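Spelled out from the first residue to the last, the chains are:
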Amino acid sequence: MTNTAPYPTSLLNDGDIRVLLLENIHTDGADFLRGKGFQVETRDGALGEDDLIEAIQGVHLLGIRSTTYVTEKVLAAAPDLLAIGAFCIGTNQIDLAATTRQGVAVFNAPYSNTRSVVELAIAEIISLARRLHEKSTDMHNGVWNKSAAGSHEVRGRTLGIIGYGNIGSQLSVIAEALGLSVVFYDIDDKLALGNAKRCSTLEELLAISDVVTLHVDGRPGNAGLFGDEEMSQMKPRSLFLNLSRGIAVDTAALRKHLESGHIAGAAVDVFPVEPKRQGDQFESDLRGLKNVILTPHVGGSTEEAQQDIGRFVASKLRSYASYGGTSLSVNMPEINLPSDASKHRLALVHRNAPGVLATINGLLGEHDVNIEAQSLSTRGEIGYVLTDVADDSAPRCCGSWLRCPRRCAFVS
């Protein structure tokens, strides 16, 4: 919202905070928030836009995974929403520009499931190289096919990693320990770990890699990143993995190259369109291919990872709602004043403009409110102020000067 002057508002009492958690978020997250006095509702599966708008009314904190999309329309219909927790790595399912305009903080779990994704990638590389999935299928069909044809060790092969972030770099270390030579390509300048070598172009990586694995984020620029042209540049009989983003790969082109034999096998965990609920019909160009491992977006779905994610994101939501802390927020300036029960804390999200702090302090001074601690941080067009005042001088939202019904306000 836009106001002509800042109206700081006090943080909500924990017992007043309503939380909605969707998509089977680990129970540790819900238990943690309930233990802090929050009112928590959980639902299985994702919600479409209209259903989410209905469900989010009166909700202060929303928790989702990768299949619920928080659009500008949803945010416009959620005036009480303070923060969104993405209980996963990616945040491309959230309109971050709109959340920032609305003063809604977004948190995610950028590290908690890294190991789980890496272990799945390693398992699939070995399975594809040894054709284990094909042999298992034959055995279940009663066929005894004891043959070494097309079965290879991974030792001595070259692994090409596209995207050398948290997952790509950890995969690099483990793959090297297995005897793979590692090369990588990233648009950012990343430090190579171990003996990994950086490729200056994607074409260079594709030409020398026996296995190509994709570990990119969901930014719009990565849509269609890997298509027919890139697959044509891969080594004949190489392997391909995508455990990152479904929008990054042209699955129709991948099927063509798998059927021709140019790509010997593939493992895919993410898809351009994914079912919203357990048991829903799954459709893909890649179904029915014997040399493809398909998994239902389970790269980070281990009990250990989901438990860590549940606790981590829930703690960030609690810190923001109770104390105003924005550590590791995806879209908000970072401030972390320690919690102090003897203080009353006011929070303000505002447009980054000169004079905001002076205006806040002037308003507090006019009402004889004594400031005991204060911190301001900015991030692009957004500013964020936390102000601690003594309990005996703390204002209350009474409909007069402290008029904002939310704890976030923008200053024009």
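Everything that follows concerns the structure shown earlier in this document.
Residues numbered from 1 in each chain as written. Predicted model: local features only at pLDDT ≥ 70, side-chain atom pairs only at ≥ 80, totals over all residues. Heavy atoms only, no water.

A. Here's a closer look at the overall build of the protein chain. Regarding its fold elements, the protein chain presents twelve helices and 18 strands. With respect to the three principal axes, the spread of C-alpha positions in the protein chain is 85 × 45 × 30 Å. Here the analysis covers contacts within the protein chain between residues at least 6 apart in sequence; of these, 64% occur between residues at least 24 apart. When the accessible area of the protein chain is evaluated, it comes to approximately 18500 Å², of which 49% is carbon and sulfur surface. Of note, the protein chain has its 38 positive side-chain charges centred 4 Å away from the centre of its 49 negative side-chain charges. (Helix = DSSP H or I, 4+ residues; strand = E, 2+ residues; numbered from the N terminus. Contact = heavy atoms within 4.5 Å. Areas by Shrake-Rupley, 256 points an atom, 1.4 Å probe, with all protein chains shown as cover. Lys, Arg positive; Asp, Glu negative; His and termini not counted. Charge placed at Lys NZ, Arg CZ, Asp CG, Glu CD.)

B. Seen up close, the nonpolar core. Among the nonpolar cores identified, the biggest contains 29 residues, and Val19, Phe38, Leu61, Tyr320 and Tyr384 are the most heavily contacted of them. Only β3 (18-21), α1 (27-35), β7 (105-107), α11 (303-323), β15 (343-351) and β17 (382-390) provide two or more residues apiece to this core. Ranked by residue count, the leading element in this core is α11, at six residues. In terms of nonpolar packing, the next biggest core, distinct from the first, is built from 26 residues, Ile167, Ala196, Leu241 and Ala267 among them. (Core = buried A, V, L, I, M, F, W, Y, C linked by side-chain atoms within 4.5 Å. Buried < 20%, exposed > 50% of the residue type's maximum accessible area, 1.4 Å probe, protein only.)

C. Molecular detail of the layout of surface pockets. Empty space within the second largest pocket amounts to approximately 380 Å³. Taken together, 22 residues form the lining of the second largest pocket, with Gly150, His152, Arg237, Leu239 and Ala264 sitting closest to its centre. No other element matches helix α5 (residues 114-130), which puts three residues into the lining of the second largest pocket. Looking at side-chain class alone, the lining of the second largest pocket contains nine nonpolar, six polar and seven charged residues. (1 Å grid on protein atoms, 1.4 Å probe; cavity = no way out; pocket = protein on both sides within 12 Å on 5 of 7 lines; lining within 4 Å. Points joined across faces, edges and corners; volume = space filled by probe spheres on them. Nonpolar A, V, L, I, M, F, W, Y, C, P; charged D, E, K, R; others polar.)

D. Broad picture of the packing of aromatic side chains. Counted by the stated rule, this structure contains five aromatic pairs. A ring pair is formed by tyrosine 320 and tyrosine 384, whose centres lie 6.4 Å apart and whose planes are at 40 degrees; its orientation type is tilted. One end of the pair, tyrosine 320, is in helix α11; the other, tyrosine 384, is in strand β17, and 64 residues separate them in sequence. Using a relative accessible area of 0% as the deciding quantity, one classes tyrosine 320 as buried. Residue class for tyrosine 384 comes out buried when judged on its relative accessible area of 0%. One aromatic cluster is present, built from ring pairs that chain together Phe107, Tyr320 and Tyr384. (Phe/Tyr/Trp six-rings, centres within 6.5 Å; stacked < 30°, edge-to-face > 60°.)

E. Local environment of helix α12 (residues 356-366). Restricting attention to buried positions, one finds in α12 the residues Val356, Ile360, Leu363 and Leu364. Looking straight down α12, one finds that the buried residues subtend no more than 95 degrees of arc, so they occupy a single side. When the buried face of α12 is taken as reference, the exposed residues oriented beyond 90 degrees from it are Ala358 and Glu366. (Arc of directions from axis to C-beta.)

Note that every value here comes from positions in space, so none of it alone points to a role or purpose.
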